[in-house]
Amino acid sequence: FDSSNKLGFFRGSNLEATMETGEQGTDENTITVRGFRPITDATSVYGRISHRLTQGLSSTNDTEVSVSSRTGRIDPQIRDTRYARMRVRIPQGTTWTFCSGVVPDVQQTGQL
């Protein structure tokens, strides 16, 4: 509803959607990020990982890659880091109804 109490509807093709998780990690241990699986019904999905070793550093963004049609995963370059976040992008015009998060593939690897 708008300020005049009129009901409105969305029409036209879907716009581009971008979703990003909160930063995951720990001060004590390093983690290895091997990829993630977006939870969505979109057929065209891209993703990337941002990572950093300390909270004082700026995040480094990996190159965006498309979801594997075989596994349904985003498998960018493997990263050893302390903090990471995952980003999902669904291109404009893609038919989809939900994107509810990601299933990360992360292992604790040790202490620095």
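Shown above is the structure to which this text applies.
From a predicted model like this one, the values you see are computed outputs, not experimental measurements.

## Looking at the nonpolar core
If you look at the biggest cluster of nonpolar residues, it comprises 14 residues, and the most contacted ones within it are Val 33, Phe 36, Ile 49, Met 86, Val 88 and Ile 90. Elements with a contribution of two residues or more to this core: β3 (30-40), β8 (83-90) and β9 (99-110). Looking at this core, the element that brings in the most residues is β8, giving four residues. Beyond its immediate sequence surroundings of up to four residues, Val 33 is in contact with Ile 49, Gln 77, Ile 78, Arg 79, Thr 81, Ala 84, Met 86, Asp 105 and Val 106.

## A few points about the sheet that holds β3
Pairing in this open sheet of three strands is antiparallel, and the strands run β7-β3-β9 from one edge to the other. Whereas interior strands pair on both sides, the edge strands pair on one side only; in this sheet they are β7 (79-81) and β9. Within the sheet, the average angular offset between the axes of one strand and its neighbour, ignoring direction, is 40 degrees. With three bridges connecting them, β3 and β7 associate as antiparallel partners. If you follow Thr 32 over to β7, its bridge partner there is Asp 80.

What counts, and where the lines are drawn
- Residues numbered from 1 in each chain as written.
- Predicted model: local features only at pLDDT ≥ 70, side-chain atom pairs only at ≥ 80, totals over all residues.
- Heavy atoms only, no water.
- Core = buried A, V, L, I, M, F, W, Y, C linked by side-chain atoms within 4.5 Å.
- Buried < 20%, exposed > 50% of the residue type's maximum accessible area, 1.4 Å probe, protein only.
- Helix = DSSP H or I, 4+ residues; strand = E, 2+ residues; numbered from the N terminus.
- Contact = heavy atoms within 4.5 Å.
- Pairing = 2+ DSSP bridges.
- Axes fitted to C-alpha atoms, helices over the stretch in contact; angles between N-to-C directions.

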